[in-house]
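Given next are the chains, with one letter for each unit.
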Amino acid sequence: MSGGTSPDRSPPVRMCVRCEQVTDEPVLVHEVHSASGPGWNVYACRRCAPRFPPPVDVFDLLRGD
């Protein structure tokens, strides 16, 4: 990388958790936390994403917010 330019990047590709179609416009719908290792993210396509409630930050739940 030189001259302050970034390399070409391909769009993120994920499978929708609901319709199981591959999408290059994934929407984060859930974060899975794990006490024994790294967590992971759950994605949906733009068409299915409105069917999920907004993601909740589990740390907000612990604070009682």
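Coordinates for the structure precede this section.
Residues numbered from 1 in each chain as written. Predicted model: local features only at pLDDT ≥ 70, side-chain atom pairs only at ≥ 80, totals over all residues. Heavy atoms only, no water.

A look at the nonpolar core
Where a protein is soluble and globular, its nonpolar side chains tend to be buried together.
Here is step 1 of the chain: Cys 16, Val 27, Val 29, Val 32, Val 42, Ala 44, Cys 45, Cys 48 and Ala 49 together form the largest nonpolar core, which totals nine residues.
Here is step 2 of the chain: Looking at this core, the elements that each hand over two or more residues are strand S3 (27–32) and strand S4 (40–44).
Here is step 3 of the chain: Here this core gets three residues from one element, more than from any other, and that element is S3.
Here is step 4 of the chain: Among residues more than four places away in sequence, those in contact with Ala 44 are Cys 16, Val 17, Thr 23, Glu 25, Pro 26, Val 27, Val 29, Ala 49 and Phe 52. (Core = buried A, V, L, I, M, F, W, Y, C linked by side-chain atoms within 4.5 Å. Buried < 20%, exposed > 50% of the residue type's maximum accessible area, 1.4 Å probe, protein only. Helix = DSSP H or I, 4+ residues; strand = E, 2+ residues; numbered from the N terminus. Contact = heavy atoms within 4.5 Å.)

A short note on the state of the cysteines
Here is step 1 of the chain: Evaluation of the coordinates by the stated rule reveals zero disulfides.
Here is step 2 of the chain: Of all cysteine sulfurs in the structure, the one in Cys 19 sits closest to Cys 16, which takes part in no disulfide; the separation is 3.7 Å.
Here is step 3 of the chain: Take Cys 16: its relative accessible area is 0%, and that puts it in the buried class. (Disulfide = S-S within 2.5 Å.)

Quick word on the environment of Asp 24
Here is step 1 of the chain: Relative to the helices and strands, Asp 24 is located in the loop between strand S2 (22–23) and S3.
Here is step 2 of the chain: The class of Asp 24 is partly exposed, set by a relative accessible area of 48%.
Here is step 3 of the chain: It is 9.2 Å that separates the C-alpha atoms of Asp 24 and Ser 10, two residues lying 14 residues apart in sequence.
Here is step 4 of the chain: In contact with Asp 24, other than residues within four places in its own chain, are Pro 11, Pro 12 and Val 13.

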